[in-house]
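# Fold and geometry: a report
Single-letter residue listing:
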Amino acid sequence: MSRNQQWMERDLAVLWHPCTQMKDHEQLPLIPIRRGEGVWLEDFDGKRYLDAVSSWWVNVFGHANPRISARIKAQLDQLEHVMLAGFSHQPVIELSERLVRLTPAGLERVFYADNGSSGIEVALKMSFHYWRNCGQADKKRFVTLTNSYHGETVAAMSVGDVALFTDTYKPLLLDTLKVPSPDCYHRPEGVSWEAHSRTMFAHMEQTLAEHHREIAAVIVEPLIQGAGGMRMYHPIYLKLLREACDRYQVHLIHDEIAVGFGRTGTLFACEQAGITPDFLVLSKALTGGYLPMAAVLTTDTVYQAFYADYATLRAFLHSHTYTGNPLACAAALATLDIFEEDNVIANNRALAAHMGRACAHLAEHPHVAEVRQTGMALAIEMVQDKAGKTPYPWQERRGMAVYQHALSRGALLRPLGSVVYFLPPYVITPEQIDFLAEVASEGIDRATRPRVSVAVPAGAPAEFRDPG
């Protein structure tokens, strides 16, 4: 028995893995990872895998990055944790100061949570509570885009719209307003991203006009709807949305958990629209992929609505045990140092251009409807009929075939349904991008070969898909 097999057997005897049908592992080997370095992960049998998805979009400067590791080690000898209620510490103060300086003007206060979903919960609660403190308790609904994803805690699911994640839990969810997404995949032939995004904004305008008295906030993933299949849209939509939220006195929440910190071509996606949201939620790449942490930035106007004598009960009494953990703050500070010192954004633009060139040929593939890209995120959408963009039945799991082929070639490509995507660490080289393009091309060829379709159970929703 190999070392991989030994660890796999021990794992499957006790663990329940996330976003996984555990029965799959009766046929699909689980891969135990022994170590990581740069863009590579290495299993216990010594095989390496190029991490093309940044370990679920978090690892931006490579595994075992010596600069981030050193900062955490130094912090470990000083202070591992202290509660942030009534106490503070140097790393959290320095991190907060830097985030306020780096983010768009007007975001002046930072509230910490333990992960992205928890950060979304903070923003939703804070928006509702703000309006309540201002005497507008009727403003308690949220507007979200179709095909959006904001996490898997109950309120975060409520403002999401990926059926696979939400349908089971509908009886638990908040009553939200859903507006058609500006997703440019569905634009008519010959229509630009900008024109389509402008046209789609009419739905949001109408919803705000009709319901603004009961709406606390609109929440969006700026530019890229990640778990919804890496669907993308033009920054003009964000600009129009900011103007409308101001007119109708509704908060704007930007979920930059996945797209923040350089992924879209600017440090923050909202910069491309030249706007400042009322709440900016950050996580994932914030700590370079080392430790869980989320930061929710908001305005002093919001902060002041909670600032009062204790007896008024206006305080935001929300907490997480590990809020502002010093080790996570140290990782985040080291990550920000790298952004500051290594000209990361300019380097990313060169890498993104190379990634686009390496995958351009796939646009001509008979079973690829679109190759789309925003910065360091590129997606390839497989379909059974190119002309009509007819998707494969989700039960066929065509993306799984790409995933398995990539593993055999030494790459971690984990598609979202039938969408193969690259979201690599920023330390990837052009040669490694070429390798990923080659592997993806081979995998797509294999996955789209004609085969007998699986039986589709009666009543199975068409929009369900493998989550990736």
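Use the structure listed above.
For the structure given in this document, a descriptive report is provided here. Residue numbering note: each chain is counted from 1, following its sequence as written. Only residues with pLDDT of at least 70 get local features here, since the model is predicted, and only at 80 or more are side-chain atom pairs given and counted; chain-wide, interface and lining totals rely on the full set of residues. The basis for the side-chain values is all heavy atoms of the structure; hydrogens and waters are excluded.

So, on to the nonpolar core. Side chains that are nonpolar tend, in soluble globular proteins, to be buried together. Counting 108 residues, the largest nonpolar core has Leu95, Leu99, Met204, Leu208, Val218, Leu241 and Phe261 as its most contacted members. Of the residues forming this core, the biggest block, 10 residues, is contributed by helix α11 (residues 326-341). Met204 has contacts with Val143, Leu145, Val179, Val218, Tyr237 and Leu241, leaving out every residue within four places of it along the chain. Only buried residues count toward a nonpolar core. Its members are Ala, Val, Leu, Ile, Met, Phe, Trp, Tyr and Cys residues joined through side-chain atoms within 4.5 Å. Residue burial is assigned from relative accessible area. The probe radius is 1.4 Å, only protein chains are included, and a residue is buried under 20% of its type maximum, exposed over 50%, and partly exposed in between. Of all hydrophobic cores here, the second largest spans 25 residues; its members include Val122, Ala155, Phe279 and Ala305. A run of H or I in DSSP counts as a helix once it spans at least four residues, and a run of E counts as a strand once it spans at least two, with each numbered from the N terminus. Any two residues having at least one pair of non-hydrogen atoms within 4.5 Å are treated as being in contact.

Here we take up the pairing of strand β1 (residues 33-37). Regular strands place their side chains on alternate faces of the sheet. In this analysis, strands are considered paired if DSSP registers two or more bridges between them. The pairing of β1 with strand β2 (residues 40-43) spans four bridges and is antiparallel. In the strand pairing of β2, Arg35 is matched with Glu42. Here β1 hands over to β2 after two residues, with Gly38 in that stretch at a positive phi of 60°.

Pairing of aromatic rings covers Phe, Tyr and Trp, the last counted by its six-membered ring, and requires centre-to-centre distances within 6.5 Å; plane angles under 30 degrees mean stacked, over 60 mean edge-to-face, and any other angle means tilted. The full count for this structure, using the stated rule, is 14 aromatic pairs. Look at Phe61 and Tyr426: their rings are 5.9 Å apart centre to centre, the planes differ by 80°, and that puts the pair in the edge-to-face class. You can see Phe61 sitting in the loop between α2 (54-57) and α3 (66-76) and its partner Tyr426 sitting in the loop between β16 (419-422) and α14 (430-447), a full 365 residues away along the chain. The same class applies to Phe61 and to Tyr426, which are both buried. By way of ring pairs, the aromatic residues Phe61, Phe261, Phe268, Phe339 and Tyr426 are connected into one cluster. In this structure, Arg48 packs its charged tip against the face of Trp40, placed 4.1 Å from the ring centre. The rule is short: NZ of Lys or CZ of Arg within 6 Å of the ring centre and within 35 degrees of the ring normal puts a charge over the ring.

Let's shift gears to the sheet that holds strand β13 (residues 368-374). Taken together, three strands build an open sheet; the order of strands is β13-β14-β16 and the sheet is antiparallel. Because the sheet does not close on itself, it has two edges, and the strands there are β13 and β16. This sheet shows a mean twist of 15° between the axes of neighbouring strands, independent of strand direction. In this structure, β13 lies alongside strand β14 (residues 377-382), joined through six bridges in antiparallel fashion. Paired with Gln373 across the two strands is Leu378, which belongs to β14. Against the sheet, α14 touches β13, β14 and β16, its axis set at about 175° to β16. All axes here are fitted lines through C-alpha atoms, helices being fitted over the stretch that makes contact, and every angle between N-to-C directions spans 0 to 180 degrees.

Let us now look at unusual backbone geometry. Despite not being glycine, Trp56 shows a phi value in the positive range, around 65°. Here the phi dihedral of Lys284 falls at roughly 45°; this positive angle occurs in a residue that is not glycine. Note that Lys284 resides in the loop between β11 (279-282) and β12 (294-298). On the basis of relative accessible area, Lys284 is assigned to the partly exposed category, the value being 25%.

What follows deals with the pairing of β12. Of all five residues in β12, five are buried, a share of seventy percent or more. Neither face of β12 is left uncovered, since the one carrying Ala294, Val296 and Thr298 and the one carrying Ala295 and Leu297 both have all their residues buried. Inspection of the sheet shows strand β4 (residues 109-113) paired to β12 by five bridges, in the antiparallel sense. Following the sheet pairing, Phe111 is matched in β12 by Val296. Bridging between β11 and β12 involves four bridges; their strand directions are antiparallel. If you follow Leu282 over to β12, its bridge partner there is Ala295.

Within the secondary structure, Thr287 is located in the loop between β11 and β12. Looking at Thr287, its side chain comes within polar contact range of the main-chain oxygen of Leu291, at 2.6 Å. Here Thr287 is in contact with Ile68, Met293, Ala328, Ala331, Ala332 and Thr335, once residues within four sequence places are set aside. Side-chain atoms alone can form a polar contact between residues adjacent in sequence; in general such a contact is a pair of N or O atoms within 3.5 Å, and within protein one must be able to donate a hydrogen while the other accepts it.

The subject of this paragraph is the pattern of salt bridges. The working definition used for a salt bridge is a side-chain nitrogen of Lys or Arg within 4 Å of a carboxyl oxygen of Asp or Glu. Following the criterion strictly, the structure yields 26 salt bridges and no others. Asp300 is paired through a salt bridge with Arg109; the nearest N and O atoms lie 3.6 Å apart. Within this pair, whereas Asp300 is found in helix α10 (residues 300-304), its partner Arg109 is found in strand β4, the two being separated by 191 residues in sequence. Given a relative accessible area of 33%, Arg109 falls into the partly exposed group.

Moving on to the sheet that holds strand β3 (residues 48-51). Ordered in space as β1-β2-β3-β15, the four strands form an open sheet in which the pairing is mixed. On the outer flanks of this sheet lie β1 and β15 (411-412), each paired with one strand and no other. Where β2 meets β3, three bridges bridge the pair, whose relative direction is antiparallel. Note on β3: the bridge partner recorded for Leu41 is Tyr49.

With that settled, consider helix α13 (residues 398-409). The span you would expect from a helix comes to 1.5 Å times its residue count less one. End to end, α13 covers 17 Å across 12 residues, agreeing with the expected 16 Å (1.5 Å per residue, within 8%). Three or more residues of α13 are buried, namely Arg398, Gly399, Met400, Val402, Tyr403, His405, Ala406 and Leu407. Gly410 sits one or two residues past α13 and shows a positive phi near 90°.

Let us now look at the state of the cysteines. Here, two cysteine sulfur atoms that lie within 2.5 Å of each other are counted as a disulfide. Inspection of every chain in the model, using the stated rule, returns zero disulfides. Unpaired in this structure, Cys245 has its nearest cysteine sulfur neighbour in Cys270, at a distance of 13 Å.

In contact at an axis separation of 9 Å, helix α4 (residues 90-102) and α11 are set at 40° when each is read in the N-to-C sense. On the basis of the axis angle, α4 is oblique to α11. Helix-helix and strand crossings are classified by hand; for α4 and α11 the assignment is left-handed. For the pair formed by α4 and α11, the contact residues are Pro91, Val92, Glu94, Leu95, Arg98, Leu99 and Leu102 on the first element and Pro326, Cys329, Ala330, Ala332, Leu333, Leu336, Asp337 and Glu340 on the second. Residues are grouped as follows: nonpolar covers Ala, Val, Leu, Ile, Met, Phe, Trp, Tyr, Cys and Pro; charged covers Asp, Glu, Lys and Arg; every other residue, Gly included, is treated as polar. Split by residue class, the contact of α4 with α11 holds 11 nonpolar, no polar and four charged. Oblique is the label for every angle not falling under 35 degrees (roughly parallel), over 145 degrees (roughly antiparallel), or within 65 to 115 degrees (roughly perpendicular). Helix crossings are classified by the rotation of the near helix relative to the far one: an anticlockwise turn of less than a right angle makes the crossing left-handed, while a clockwise turn makes it right-handed.

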